[in-house]
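So the chains spell out like this:
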Amino acid sequence: MTPSDFVLTYHSSQAEADADTNPISATDAAAFTGTNGQVIYGRFEYLNSGCYETVSFMLNLFSAPSISSVSDLIFCDDSIDGDDTNGIVEFDLSTKVSEVLGTQLATDYAVKFYYDQAAADLGVSGTDITTPIANTSNPQPIFARLENKLNIDCYGTTSFQLIVNPLPVITTEGTYTVLATNISSGCRIPASTEVVSSYPPESIGVAIKSALFSDNNILEVSVVGTGIYEYRIDFGPWQQETTFTNVRIGDHIIYVRDLLNCNEISQKKIVIGYPKFFTPNGDGYHDTWNIIGMTVKSSSKIYIFDRYGKLLKQISPTGKGWDGTFNGERLPSSDYWFVLDYNEPVTGEINQLRANFTLKR
């Protein structure tokens, strides 16, 4: 059977369909204005036979969403991704749901977001954006689809831009004010801050100003830079004086920063000297004696004597040191003497130091 074998007409009641009266014209059928729940009756009449059948269906009308323009989503650049100048930040599109809905209820309508208009029109499940995203261009268009939950073919679309504004660059001193605005309420709160110049240190130098093996080791710090700086040795307090006195022998770290605590830099310095005593009792502390701070390239030699001038040990300042024994026997608590032949670190001249230290048990 083909459409040419029957005639199809639409009617507003079963009686009219049976009597074939008051049919809805073809023009009206193509643009029919009905009401939700209205029943329409169709009459199939077979030509040249007088036989017919009727069917009915109900009109279900769904409200089309009302959707208007949506404001752009604007953020300032940030350093969360490690770069506060690349124009890329993370956007949470869920913050725009209420704006897309307007006065319509979320129980009746669903809001979805897409990367392009074609995807928004198709509305295919799984192609929408459901998690926070980082923009891939600046600005970047986003397309919102508002659809009726009872009939997703009833929908509307709109678009807005993801925009990342660059952070302001402040190059001069002064008082600056930031105005924070709540996007939803429009409430504004100002906050001011004072910007002052900072001149971090470029480089530092540390010099030993005292004589070698002095009882008062003195370090002096020099700085390349135009700021006002403060200084610290190891974990001591900060000070504005460039000189440190009574510095113990051994390794030290000297720190320099400007008064605004910007760009701290440091340098290591070794103070050469010898301990006044040692305690070779096997507890892991001060168990050996040696000259401290000489480099591994040093050719210096140390000769250790008892109070009577007997040579007990010859050691190197870069070795393990003396453990307080002679021929495997532990020597008693007493004062011992040493002779150090060394080259002056600055002039290279050969020199000799004679001094004593104490062995405590």
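Here is what the cut-offs are and how they apply
Residues numbered from 1 in each chain as written. Predicted model: local features only at pLDDT ≥ 70, side-chain atom pairs only at ≥ 80, totals over all residues. Heavy atoms only, no water. Helix = DSSP H or I, 4+ residues; strand = E, 2+ residues; numbered from the N terminus. Buried < 20%, exposed > 50% of the residue type's maximum accessible area, 1.4 Å probe, protein only. Contact = heavy atoms within 4.5 Å. Areas by Shrake-Rupley, 256 points an atom, 1.4 Å probe, with all protein chains shown as cover. Lys, Arg positive; Asp, Glu negative; His and termini not counted. Charge placed at Lys NZ, Arg CZ, Asp CG, Glu CD. 1 Å grid on protein atoms, 1.4 Å probe; cavity = no way out; pocket = protein on both sides within 12 Å on 5 of 7 lines; lining within 4 Å. Points joined across faces, edges and corners; volume = space filled by probe spheres on them. Nonpolar A, V, L, I, M, F, W, Y, C, P; charged D, E, K, R; others polar. Pairing = 2+ DSSP bridges. Axes fitted to C-alpha atoms, helices over the stretch in contact; angles between N-to-C directions. Phe/Tyr/Trp six-rings, centres within 6.5 Å; stacked < 30°, edge-to-face > 60°. Lys NZ or Arg CZ within 6 Å of the ring centre and 35° of its normal.

*Asks:* When you look at the overall build of the protein in this model, what are you seeing that I'm missing?
*Replies:* The secondary structure content of the protein amounts to 4 helices and 24 strands. Buried positions account for 29% of the 361 residues belonging to the protein. A fraction of 51% describes how many contacts in the protein between residues 6 or more apart in sequence connect residues 24 or more apart. Roughly 22,400 Å² of accessible area belongs to the protein as shown, and the carbon and sulfur atoms make up 53% of that amount. In the protein, which carries 23 positive and 42 negative side-chain charges, the distance between the mean positions of the two groups comes to 26 Å.

*Asks:* Could you clarify how one ought to interpret the layout of surface pockets in this entry?
*Replies:* In this approach, a probe sized like a water molecule rolls over the atoms, and the result shows the empty space that is left. Roughly 280 Å³ of internal volume is contained in the second largest pocket. What lines the second largest pocket is Pro275, Lys276, Phe277, His286, Thr288, Trp289, Asn290, Ile291, Ile292, Pro317, Gly319 and Lys320. Per-class residue counts for the lining of the second largest pocket are 6 nonpolar, 4 polar and 2 charged.

*Asks:* So what exactly am I meant to see when it comes to the environment of Asp215 here?
*Replies:* Among the secondary structure elements, Asp215 is positioned in the loop between strand S12 (203–208) and strand S13 (219–224). Classification of Asp215 as exposed rests on a relative accessible area of 69%. With 114 residues separating them along the chain, Asp215 and Leu101 place their C-alpha atoms 81 Å apart. Those residues in contact with Asp215 that lie beyond four places of it in its chain are Asn246 and Lys276.

*Asks:* In this structure, what is going on with the sheet that holds strand S1 (residues 6–11)? I would like to understand it.
*Replies:* Sheet strands associate in pairs through backbone hydrogen bonding, adopting either a parallel or an antiparallel arrangement. Strands sit in the order S1-S2-S3 across an open sheet of 3 strands; the sheet is antiparallel. Of all strands in the sheet, those bounded by a partner on one side alone are S1 and strand S3 (52–58). Recorded for the sheet is a direction-independent mean angle of 20° between the axes of neighbouring strands. Relative to S3, strand S2 (residues 39–46) is paired through 7 bridges, and the arrangement is antiparallel.

*Asks:* Any chance you could explain the packing of aromatic side chains here in plain terms?
*Replies:* Two aromatic rings, taken as a pair, are described by how far apart their centres are and by the angle between their planes. Applying the stated criterion across every chain yields a total of 16 aromatic pairs. Where Phe213 meets Tyr342, the ring centres are 5.5 Å apart and the plane angle is 75°; that geometry is what we call edge-to-face. Note that Phe213 is positioned in the loop between S12 and S13 and Tyr342 in strand S23 (residues 334–343), a separation of 129 residues in sequence. As far as the burial class goes, Phe213 and Tyr342 line up, both buried. Of the aromatic side chains, those joined through ring pairs into one cluster are Phe213, Tyr274, Phe278, Trp289, Trp322, Tyr336, Phe338, Tyr342 and Phe357. Sitting over the face of the ring of Tyr155, Arg145 holds its NZ or CZ atom 3.9 Å from the ring centroid. Seen from the ring of Trp238, Arg257 lies directly overhead, with NZ or CZ sitting 3.9 Å from the centre.

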